[in-house]
Amino acid sequence: MHRSHPKVMNIYATSILAAGLTVASCDDAVFCTEEFRSVGFTWTGTEMPERTTVVNSRTGDTIRLLSSPFEQFVPIIDDGSMSQLSFEGDSLNVKVFNTQDSLIATAWYVVGKDECHIIFKSGPEFLP
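Note that the structure is a prediction, hence the values are computed from the model and not measured.

## Examining the overall build of the protein chain
Helices and strands together make up the secondary structure of the protein chain, namely one helix and seven strands. Element order for the protein chain, N to C, with α for helix and β for strand: α-β-β-β-β-β-β-β. Per-residue burial over the protein chain gives 27% buried out of 128 residues. Within the protein chain, contacts between residues separated by at least 24 positions form 60% of all contacts whose residues are at least 6 apart in sequence. Entry remark: accessible area of the protein chain is about 8,900 Å², with carbon and sulfur atoms responsible for 55%.

So this is what it looks like as structure tokens:
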């Protein structure tokens, strides 16, 4: 009677198990839209703010934007800042300053992300 060597059987079993796990662990493909999302507020004051600072309260980091204000809309975060957010959502402390560098408005936003874009969770639509 011929017996297989135990070491060869272990390698064979391990190879089959590894191949099965590889197939089982494949995620469904993620398909993202090509849009570029931003979250912000519409400024209702008479003069547009001079600058806005946004700090992620979880990390203490200041958010850097790719977007610029457009008409009365002031972005506070955009898809370019996804790496600075958690999937669950982070609290963002927003401070708005005028041309004299005086604080004219503050707000809190919660923004998260998925694999493709930032996701608005809460915060005001209009300021001040």
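Structure's up, so let's keep going.
## Some remarks on the environment of F87
Considering the arrangement of structural elements, one finds F87 in the loop between β3 (73–78) and β4 (90–97). On a C-alpha basis, the gap between F87 and K113 in space is 4.8 Å, while along the polypeptide they are 26 residues apart. Other than its neighbours up to four places away in sequence, F87 contacts G112, K113, D114, E115 and K121.

## Description of the sheet that holds strand β6 (residues 118–122)
Taken in spatial order, the four strands make up an open sheet running β2-β4-β5-β6, and their pairing is antiparallel. The sheet is open, and its two edges are formed by β2 (51–56) and β6, each paired on a single side. Looking at each pair of strands side by side, their axes are set apart by 35° on average, direction ignored. By the bridge criterion, eight bridges tie β4 to strand β5 (residues 103–113) in an arrangement that is antiparallel. Bridging from a neighbouring strand, K95 pairs with T106 of β5.

## Description of the nonpolar core
Counting residues in each nonpolar core, the largest one holds 19 residues, and the members touching the most others are F41, I76, I77, L92, Y109 and V111. Elements supplying a minimum of two residues to this core: β1 (38–43), β3, β4 and β5. Of all the elements, β5 adds the most residues to this core, at four residues. Residues in contact with V111, not counting those within four places in the same chain, are V39, I77, L85, G89, D90, L92, I118, I119 and K121.

## Describing the packing of aromatic side chains
The description of an aromatic ring pair uses the distance of the two centres, along with the angle that the planes make with each other. One pass over the full model with this rule turns up two aromatic pairs. Each ring, one from Y109 and one from F120, has its centre 6.5 Å from the other, and the planes form 65°; the classification is edge-to-face. Taken together, the residues Y109 in strand β5 and F120 in strand β6 connect sequence positions eleven residues apart. Note on Y109: relative accessible area 1%, which makes it buried.

## Things to note about the sheet that holds β1
The pairing of strands in a sheet comes from backbone hydrogen bonds and takes either a parallel or an antiparallel form. Taken in spatial order, the three strands line up as β3-β1-β7 in an open sheet, and their pairing is mixed. Every other strand in the sheet has two partners, leaving β3 and β7 (126–127) as the edge strands with one partner each. Pairing geometry for β1 and β3, over five bridges, is antiparallel. Paired with V39 across the bridge in β3 is I77.

About the thresholds
Residues numbered from 1 in each chain as written. Predicted model: local features only at pLDDT ≥ 70, side-chain atom pairs only at ≥ 80, totals over all residues. Heavy atoms only, no water. Helix = DSSP H or I, 4+ residues; strand = E, 2+ residues; numbered from the N terminus. Buried < 20%, exposed > 50% of the residue type's maximum accessible area, 1.4 Å probe, protein only. Contact = heavy atoms within 4.5 Å. Areas by Shrake-Rupley, 256 points an atom, 1.4 Å probe, with all protein chains shown as cover. Pairing = 2+ DSSP bridges. Axes fitted to C-alpha atoms, helices over the stretch in contact; angles between N-to-C directions. Core = buried A, V, L, I, M, F, W, Y, C linked by side-chain atoms within 4.5 Å. Phe/Tyr/Trp six-rings, centres within 6.5 Å; stacked < 30°, edge-to-face > 60°.

The quantities given are spatial measurements derived from coordinates; they are silent on function.
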